[in-house]
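Topology and contacts: notes
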Amino acid sequence: FVNTGNYKTGAQAAQLGDYYAACIQENMPQGITWLFGPAYKGIPLATSAVGALARNYGLDKPFFFNRKEAKDHGEGGSLVGYRPKDGDRILIIEDVITAGTAIRETMPILTGCGQVTVPDMFISVNRCEVGQTPGKTAVMEVGEAYGIQVHALVTVRDIHEYLKAQPTYADVLPRMEAYMRQYCVLD
């Protein structure tokens, strides 16, 4: 289980934002237009990523996020921050993709804003878990269904390799390997 809710301090959020910003820079040399953080965990992740892009790379990009419930007072609506327009290229910042439910909820929100494209999504961990289609991960399914290239800071393979190199985690490895055999698509 990966829980980005365990990042609880400013230093932790800043470091995670640095990782996202570095991954964005590495994988999107053509640049980005806007960042979107889906409610709820995507909100602090997008905030820390956009801050790190400005701080580390001089890229001051707008971001926005959605509310689960639309407001009928104040600024109103279901979006907070930037309001997308036709022609915008939006990238999504999220923690993980488990079954693809969040992206299925997010895409109508984004495409309902106008003629926008969503070419890329950045997640903390690709758990390589099988999706709804045998032999395919949820990440693969998102790519096929929406044409989105999903980039992960780390994968379950990276975590496995790290744990193998740490003698203190020897007791965890058999359980992780059993989990990977049962739930992951690693080809």
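Our subject in this report is the structure included herewith. (Residues numbered from 1 in each chain as written. Predicted model: local features only at pLDDT ≥ 70, side-chain atom pairs only at ≥ 80, totals over all residues. Heavy atoms only, no water.)

1. Let's talk about helix α5 (residues 156-164)
Taken together, the buried positions of α5 are V156, H160 and L163. Along α5, the residues classed as buried sweep out an arc of 65° about the axis, all on the same side. (Buried < 20%, exposed > 50% of the residue type's maximum accessible area, 1.4 Å probe, protein only. Helix = DSSP H or I, 4+ residues; strand = E, 2+ residues; numbered from the N terminus. Arc of directions from axis to C-beta.)

2. Some thoughts on the pairing of strand β6 (residues 149-155)
Here strand β5 (residues 117-126) pairs with β6 via six bridges, running parallel. Of the residues in β6, the one forming a bridge with D120 is Q149. The handedness of the β5 to β6 crossover, carried by helix α4 (residues 138-146), is right-handed. (Pairing = 2+ DSSP bridges. Right-handed = clockwise from strand over helix to strand, strands pointing away.)

3. Focus on the packing of helix α1 (residues 10-27) against helix α2 (residues 42-57)
Taken N-terminus to C-terminus, the directions of α1 and α2 make an angle of 70°; their axes are 7 Å apart at the nearest point. Regarding the angle of α1 to α2, the classification is roughly perpendicular. Crossing handedness for the pair α1 and α2: right-handed. Judged by residue contacts, A13, A14, L16, G17, D18, Y20, A21, A22, I24 and Q25 of α1 engage L45, S48, A49, A52, L53, R55, N56 and Y57 from α2. Tallied by class, the residues present in the contact of α1 with α2 amount to twelve nonpolar, four polar and two charged. (Axes fitted to C-alpha atoms, helices over the stretch in contact; angles between N-to-C directions. Parallel < 35°, antiparallel > 145°, perpendicular 65-115°, else oblique. Left-handed = near helix turned anticlockwise from the far one by under 90°. Contact = heavy atoms within 4.5 Å. Nonpolar A, V, L, I, M, F, W, Y, C, P; charged D, E, K, R; others polar.)

4. Concerning the pattern of salt bridges
Scanning the entire structure with this criterion turns up five salt bridges. With a closest N to O distance of 2.7 Å, R55 and D18 form a salt bridge. Pair noted here: R55 is in helix α2 and D18 is in helix α1, with a separation of 37 residues, a long-range link. As a salt-bridge pair, R127 and E129 come within 3.4 Å of each other at their nearest N and O atoms. (Salt bridge = Lys/Arg side-chain N within 4 Å of Asp/Glu carboxyl O.)

5. Focus: unusual backbone geometry
With omega at 0°, the peptide bond leading from A39 into Y40 counts as cis. Position of Y40 relative to the elements: it lies in the loop between β1 (34-37) and α2. Phi at C128 takes a positive value of approximately 55°, unusual for a residue other than glycine.

6. Describing the packing of aromatic side chains
Tallied over the entire structure, the rule returns five aromatic pairs. Ring geometry for W34 against Y82: centres 3.7 Å apart, planes inclined by 15°, an arrangement best described as stacked. Here W34, found in strand β1, pairs with Y82, found in the loop between β3 (77-81) and β4 (89-93); they are 48 residues apart in sequence, far enough to count as distant. Each member of the pair, W34 as well as Y82, is classed as buried. (Phe/Tyr/Trp six-rings, centres within 6.5 Å; stacked < 30°, edge-to-face > 60°.)

7. A few points about α4
Turn by turn, an α-helix covers 3.6 residues, leaving residues three or four places apart pointing in a common direction. Along α4, the positions that sit buried rather than exposed are A138, V139, E141 and V142. One side of α4 carries all its buried residues, which in axial view fall inside an arc of 160°. Packed against the buried residues of α4 are α3 (101-111), β5 and β6. Once α4 ends, the next one or two residues include G147, with phi positive near 70°.

8. Overview of the packing of α5 against helix α6 (residues 173-183)
Packing of α5 against α6 brings their axes to within 11 Å, and their N-to-C directions diverge by 160°. Here α5 is positioned roughly antiparallel relative to α6, judged by the angle of their axes. The chirality of how α5 crosses α6 is left-handed. In this structure, α5 uses V156, I159, H160, L163 and K164 to contact α6, whose residues at the interface are L173, M176, E177 and M180.

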